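A structural walkthrough
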Amino acid sequence: PEECSSDRLVLADESLRNQFHDMLRDQASHIWNFCSSALKENNVSLQTQENVLQCLQSWLRYVPANPAMIESSPLLPWIFHSLSNSNNDLYELAVDVVIEIVRMYPSDYESNVGLIQKVIPLVMALGQPDSSENVPKSPFQN
């Protein structure tokens with residue numbers, strides 16, 4: 001999705017960039033479902049989990065997905081579960097994804113309210129002394 005915003009991609013007609021961006025936005029739910037499916041496999045490797053987080057970060061940054069879809073995705077609790085232990089190899093990538101969610105879905109847009117209402121308690125739970133109990137369990141096997 002980075003290419004739709006890249007200045008290095010020179011197009012004779014800039015409307016093509018907008019069409020490409022619209023096509024990506026229409027496919028965002030498929031990407032989230034694909035990432036979710038990748039995590040449902042048995043014995044998912046650390047590399048696969050890292051790739052999923054990198055993919056989500058990129059799509060969040062460049063393609064505005066429907067906030068209700070993100071809110072209901074099983075990936076959201078998994079992302080926060082990855083944050084519950086700072087010694088986890090996925091911690092920094094999960095932080096980057098949460099930052100993108102908060103940055104791209106500000107609370108001053110009514111369409112984002114449901115997502116923000118779900119994210120805020122998850123973020124606040126991370127600061128608690130025993131945050132692993134307050135963060136939802138991952139719906140995926142680790």
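Read on for a plain summary of the structure. All values derive from a computational prediction rather than experimental measurement.

The bulk of non-glycine residues show a negative phi, and the bulk of peptide bonds are trans. The phi dihedral of Asn 43 falls on the positive side, at around 55 degrees, and the residue is not glycine. Relative to the assigned elements, Asn 43 resides in the loop between helix H1 (15–40) and helix H2 (46–62).

Helix-helix packing is described using two parameters, namely the angle between the two axes and the distance between the axes. Between helix H4 (residues 75–83) and helix H5 (residues 91–104), the shortest axis-to-axis distance is 8 Å and the interhelical angle comes to 130 degrees. With respect to H5, the element H4 is oriented oblique. With respect to the hand of their crossing, H4 and H5 are arranged in left-handed fashion. Across from Leu 76, Ile 79, Phe 80, Ser 82 and Leu 83 in H4, the residues of H5 making contact are Tyr 91, Ala 94, Val 95, Val 97, Val 98 and Ile 101.

Moving on, we come to empty space enclosed by the protein. Taken as a whole and assessed by the stated rule, the structure comprises one cavity of 30 Å³ or more. Of the volumes computed, that of the largest cavity is approximately 30 Å³. Every residue lining the largest cavity is listed: Ala 28, Trp 32, Trp 59, Leu 60, Val 63, Ala 65 and Tyr 105. Listing elements by their share of the lining of the largest cavity, those giving two or more residues are H1 and H2. For the lining of the largest cavity, a count of residues per class yields seven nonpolar, no polar and no charged.

Cut-offs and rules
Residue positions are given per chain, counted from 1 along the sequence in the order it is written. This being a predicted model, a pLDDT of at least 70 is required before a residue's local features are given, and a value of 80 or more before pairs of side-chain atoms are given or counted; all residues contribute to the totals for chains, interfaces and linings. Only hydrogens and water are set aside when side-chain values are computed; all heavy atoms of the structure are taken into account. Segments assigned H or I by DSSP are reported as helices when at least four residues long, segments assigned E as strands when at least two residues long, and all are numbered from the N terminus. Note on definitions: angles span 0 to 180 degrees between N-to-C directions of axes, and those axes are lines fitted to C-alpha atoms, for helices only across the stretch in contact. Angle categories: roughly parallel below 35 degrees, roughly antiparallel above 145, roughly perpendicular from 65 to 115, and oblique for all the rest. Throughout, a crossing is termed right-handed when the near helix is turned clockwise from the far one, and left-handed when it is turned anticlockwise from it by less than a right angle. Contacts are assigned to residue pairs with any non-hydrogen atoms lying within 4.5 Å of each other. Grid points spaced at 1 Å and placed over the protein atoms alone form the basis of the search, with a cavity being a set where a 1.4 Å probe fits but cannot get out and a pocket an open set showing protein on both sides within 12 Å along at least five of seven lines. Lining residues have an atom within 4 Å of a point. Grid points are joined across faces, edges and corners, and a volume is the space filled by probe spheres set on the points. Each residue is assigned to one class: nonpolar for Ala, Val, Leu, Ile, Met, Phe, Trp, Tyr, Cys and Pro, charged for Asp, Glu, Lys and Arg, and polar for all the others, Gly among them.

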